[in-house]
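Each chain is listed here by its residues.
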Amino acid sequence: METIDIYTDGACSGNPGPGGWGAVLKSGPHEKEIWGSDPQTTNNRMEILAVIRALEQLKRKGMTVKVHTDSQYVQKGISEWIHGWKARGWLTSGKAPVKNADLWRMLDEIAAHHTVEWRWVKGHAGHPGNERADALARRGVEAARLGSLF
C-alpha cells in the first residue's frame with residue numbers, strides 16, 4: 001500500500017487574531033493543496049486544524065500516512081501527551097483543562113482510522129512541502145483579514 005505524505009502548517013496574525021491553515025497531500029504523482037481561514041483564532045488551533053482537514057481528505061480508512069508538521073505542539077500532543085490527557089479526563093498533569101480539547105478529540109478520532117507516523121520538520125528551513133503548506137496557511141490569514149471564510 002502506498003504511503004500518503006501530508007505537509008501541514010498553521011498561521012495567525014496576532015495570537016489570537018485572523019488565522020489560516022494549509023496542507024499539501026502527496027500520493028505518488030498525485031498532489032492536492034487545501035487551505036482555510038478563521039477570523040479569530042490562535043496559531044495552535046490552526047496547526048491542529050490543518051492536520052484534521054488534511055486527514056478528512058482521505059477517501060478510504062486504513063491508509064498509511066506520514067504527517068509532516070513544523071509544530072512540536074501537534075507532533076508531541078498527538079503522539080505523546082494525548083494519552084495522559086485522555087486518562088485524566090482531558091485535564092493536564094496540573095489538573096487544568098486541556099487547551100483545544102475539541103480539536104484534539106477530533107484529531108484523535110480521525111487519526112485512529114489510519115496508520116499515522118507523526119514527523120516534526122524544522123519550519124522555515126527550505127523543506128519544500130513545509131514551505132508550500134506555510135504559503136497556503138498565509139493565504140488563509142490574508143483571506144481571514146479580508147473577511148472571507150473558506
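See the structure shown above.
All values reported here derive from a predicted model rather than from experimental measurement. (Residues numbered from 1 in each chain as written. Predicted model: local features only at pLDDT ≥ 70, side-chain atom pairs only at ≥ 80, totals over all residues. Heavy atoms only, no water.)

### Digging into the side chain of threonine 41
Tracing the backbone shows threonine 41 in strand S3 (residues 30-41). Look past the residues within four positions of threonine 41 in its chain and what remains in contact with it is Cys12, Asn15, Pro16, Gly17, Gly19 and Met46. (Helix = DSSP H or I, 4+ residues; strand = E, 2+ residues; numbered from the N terminus. Contact = heavy atoms within 4.5 Å.)

### Some details on the pairing of strand S2 (residues 17-27)
Among the 11 residues in S2, nine count as buried, and that is most of the element. Pairing analysis gives 10 bridges linking S2 to S3, with the strands arranged antiparallel. By the bridge assignment for S3, alanine 23 is matched with isoleucine 34. (Buried < 20%, exposed > 50% of the residue type's maximum accessible area, 1.4 Å probe, protein only. Pairing = 2+ DSSP bridges.)

### What about helix H1 (residues 43-56)?
Taking 1.5 Å of rise per residue, the 14 residues of H1 would be expected to cover 20 Å, and the 20 Å separating its terminal C-alpha atoms lies within 8% of that figure. Of the positions making up H1, those classed as buried are Met46, Glu47, Ile48, Leu49, Ala50, Val51, Ile52, Ala54 and Leu55. (Expected span 1.5 Å × (residues − 1).)

### Describing the packing of aromatic side chains
A complete count under the given rule lists five aromatic pairs for this structure. Here the aromatic rings of tyrosine 73 and tryptophan 81 are separated by 6.5 Å at their centres, their planes lie at 55°, and the arrangement is tilted. Summarising the aromatic geometry, the rings of tryptophan 85 and tryptophan 90 are spaced 6.4 Å apart at their centres and angled 40° between planes, so their arrangement reads as tilted. The residues tryptophan 85 and tryptophan 90 share a single accessibility class, namely buried. Three or more aromatic residues link up through ring pairs in this structure, and these residues are Tyr73, Trp81, Trp85, Trp90 and Trp104. (Phe/Tyr/Trp six-rings, centres within 6.5 Å; stacked < 30°, edge-to-face > 60°.)

### What about the environment of isoleucine 34?
Here isoleucine 34 shows up in strand S3. In this structure, isoleucine 34 is in contact with Trp21, Gly22, Ala23, Leu25, Arg53, Ala54, Gln57 and Leu136, ignoring residues within four places of it in sequence.

### A few points about the sheet that holds S2
In space, the five strands of this open sheet follow the order S3-S2-S1-S4-S5, with mixed pairing throughout. Strand pairing shows two members of the sheet lacking a second neighbour, S3 and strand S5 (115-120), which therefore form its edges. The mean inter-strand angle of the sheet, taken between neighbouring strand axes irrespective of direction, is 20°. As paired strands, strand S1 (residues 3-12) and S2 are joined by eight bridges and run antiparallel to one another. Opposite isoleucine 6, over in S2, you have leucine 25 as the bridge partner. On the sheet, H1 packs against S1, S2, S3, strand S4 (64-69) and S5 and is oriented at approximately 155° with respect to S1. (Axes fitted to C-alpha atoms, helices over the stretch in contact; angles between N-to-C directions.)

### Topic: the packing of helix H2 (residues 72-87) against helix H3 (residues 101-111)
Between H2 and H3, the least distance of the axes is 11 Å, while the angle of their chain directions is 95°. Relative to H3, the element H2 lies roughly perpendicular. Of H3, the residues touching H2 (which contributes Tyr73, Val74, Gly77, Ile78, Ile82, Trp85 and Lys86) are Trp104, Leu107 and Asp108. When its residues are assigned to classes, the contact of H2 with H3 shows seven nonpolar, one polar and two charged. (Parallel < 35°, antiparallel > 145°, perpendicular 65-115°, else oblique. Nonpolar A, V, L, I, M, F, W, Y, C, P; charged D, E, K, R; others polar.)

### Looking at the side chain of aspartate 70
If you trace the backbone, aspartate 70 turns up in the loop between S4 and H2. Arginine 138 provides the closest opposite charge to the buried, unpaired aspartate 70, separated from it by 9.5 Å. A polar contact of 3.4 Å, which involves the side chain of aspartate 70, links it to the side chain of asparagine 130. Not counting chain neighbours up to four residues away, the residues in contact with aspartate 70 comprise Thr8, Asp9, Glu47, Trp120, Val121, Lys122, Gly123 and Asn130. (Lys, Arg positive; Asp, Glu negative; His and termini not counted. Salt bridge = Lys/Arg side-chain N within 4 Å of Asp/Glu carboxyl O. Polar contact = N/O pair within 3.5 Å; in protein donor to acceptor, adjacent residues only side chain to side chain.)

### A look at unusual backbone geometry
Look at the link from asparagine 15 to proline 16: it is a cis peptide, with omega at 15°. Assignment of secondary structure puts proline 16 in the loop between S1 and S2. Despite not being glycine, asparagine 100 shows a phi value in the positive range, around 65°. Along the polypeptide, asparagine 100 turns up in the loop between H2 and H3. Despite not being glycine, histidine 124 shows a phi value in the positive range, around 55°. Relative to the helices and strands, histidine 124 is located in the loop between S5 and helix H4 (128-146). Judged by its relative accessible area of 60%, histidine 124 is exposed.

Remember, this is a structural readout, not a statement about activity or role.
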